[in-house]
Amino acid sequence: MADSATVDRLLDRVYEYRKDLLKLCHRVGGLHIGGDLSCAEVMITLFQYALHVRPEDPNWEDRDRFVLSKGHCSAALYLSMAQRGYFDKQELFDTYKNGYETRFGNHPCKAALPCLDSSSGSLGHGLPIAVGMAAAARIDGKSHRVYCVMGDGEISEGSVWEAALAAAGFRLGNVVAVVDRNRMGLDGFTEEIMPLDPVEDKWRSFGWRVVTVDGHDLKQLVDAIDALPPAEDPTPTVIVANTVKGKGVSFMENNPIYHHIAIDEEQLRQALAEVDAAYRRQKGGRTA
Ligand SMILES: Cc1ncc(C[n+]2csc(CCOP(=O)(O)OP(=O)(O)O)c2C)c(N)n1
């Protein structure tokens with residue numbers, strides 16, 4: 001069971017993440033802000049609680065692996081990694097570019113940033129990569145886990161389901177997938193574009209263990225991590241995290257315009273004020 005000190009620590013990290021994300025979006029002239037905001041609690045729980053890694057030794061061979069399959073949300077990854085100590089946040093703010101000229105491009109590139117476990121950006125490839133890593137761990141007799149975060153629009157890619165089949169078929173309980181179930185893709189709602197419900201039944205029928213959580217509830221996320229079976233288990237796990245695209249900023253929530261966009265000074269001010277107020281409410285609620 002998640003203890004309140006852990007949840008409180010993660011809450012502070014999520015607050016910092018949301019503020020940094022909004023400032024970065026304003027500064028660099030556009031991010032995939034909606035999907036970066038929806039996966040905030042998922043990313044912070046993974047990077048601040050779940051992942052056994054050594055940022056000072058990023059190639060440590062027994063580390064857990066992490067693949068951000070929804071690679072368009074690179075800012076989510078960079079900010080989570082900066083908080084964990086992989087690199088300096090200031091460098092990210094100074095050099096992030098919509099391109100590949102820096103270590104911090106708008107899709108993660110391992111050639112530019114070797115501390116990543118994988119490049120990503122072309123949707124539908126992250127889970128196949130993660131399954132390959134997990135199969136390699138089995139062959140090498142290693143007991144680390146491989147985590148993979150996907151978008152829900154993304155899972156309409158056929159390659160996701162080939163990988164799902166393989167993970168169960170090869171008995172890879174060392175795979176933990178998280179679906180950021182914000183119910184939106186690039187320009188609309190998943191259930192109108194390519195219906196996924198009942199999404200849990202689909203994963204179950206592919207032989208996966210399925211856990212459904214409120215993806216903005218840190219306690220539920222921590223409990224889901226704590227309840228993972230040992231990596232040696234034969235059954236892969238998927239955590240379906242029900243989230244809201246644009247979470248935390250009223251004018252962004254469930255609004256397809258905010259899939260990828262820049263924000264001006266006034267929008268930044270309003271967004272930061274809302275994030276601030278929500279944080280104070282949550283903190284007050286926790287200490288009352
Ligand atoms: C193979 C592929 N097709 C199309 C795109 C363009 N694209 C970028 S983001 C996106 C929508 C993704 O939706 P979802 O997976 O739900 O991500 P989220 O809503 O969490 O941002 C699309 C279609 C892509 N990156 N890769």
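Here, the structure is the one placed above.
Since the structure is predicted, the reported quantities are computational estimates derived from the model, not experimental observations. (Residues numbered from 1 in each chain as written. Predicted model: local features only at pLDDT ≥ 70, side-chain atom pairs only at ≥ 80, totals over all residues. Heavy atoms only, no water.)

## A short note on the packing of helix H1 (residues 4-28) against helix H3 (residues 40-50)
- Taken N-terminus to C-terminus, the directions of H1 and H3 make an angle of 120°; their axes are 9 Å apart at the nearest point. It follows from the interaxial angle that H1 and H3 lie oblique. Between H1 and H3 the crossing geometry is right-handed. Only Ala-40, Glu-41, Ile-44, Thr-45, Gln-48 and Tyr-49 of H3 make contact with H1, whose side of the interface consists of Thr-6, Arg-9, Leu-10, Arg-13, Val-14, Tyr-17 and Arg-18.
- Split into classes, the residues belonging to the contact of H1 with H3 amount to six nonpolar, three polar and four charged. (Axes fitted to C-alpha atoms, helices over the stretch in contact; angles between N-to-C directions. Helix = DSSP H or I, 4+ residues; strand = E, 2+ residues; numbered from the N terminus. Parallel < 35°, antiparallel > 145°, perpendicular 65-115°, else oblique. Left-handed = near helix turned anticlockwise from the far one by under 90°. Contact = heavy atoms within 4.5 Å. Nonpolar A, V, L, I, M, F, W, Y, C, P; charged D, E, K, R; others polar.)

## Section: the pairing of strand S5 (residues 237-242)
- Counting buried positions along S5 yields five of six residues, so the element is predominantly enclosed.
- Bridge analysis of strand S3 (residues 175-181) against S5 gives six bridges, and the strand direction is parallel. Of the residues in S5, the one forming a bridge with Ala-177 is Val-238.
- In the sheet, strand S4 (residues 209-214) pairs with S5 via six bridges, with the strands oriented parallel. Among the inter-strand pairings, Val-213 is bridged to a residue of S5, identified as Ala-241. (Buried < 20%, exposed > 50% of the residue type's maximum accessible area, 1.4 Å probe, protein only. Pairing = 2+ DSSP bridges.)

## Quick word on the site of the ligand
- In the vicinity of the ligand lie 18 residues, with Lys-70, His-72, Gly-153, Met-184 and Lys-245 positioned nearest.
- Here an oxygen atom of the ligand sits 2.8 Å away from a polar atom, N or O, in the side chain of Lys-70.
- Measuring from a nitrogen atom of the ligand, one finds a backbone N or O atom of Leu-123 at 3.1 Å.
- Starting from 590 Å² of accessible surface for the ligand in isolation, the protein chains cover 76%.
- Here the residues of the shell around the ligand sort into three nonpolar, nine polar and six charged. (Near = heavy atom within 4 Å. Polar contact = N/O pair within 3.5 Å; in protein donor to acceptor, adjacent residues only side chain to side chain. Areas by Shrake-Rupley, 256 points an atom, 1.4 Å probe, with all protein chains shown as cover.)

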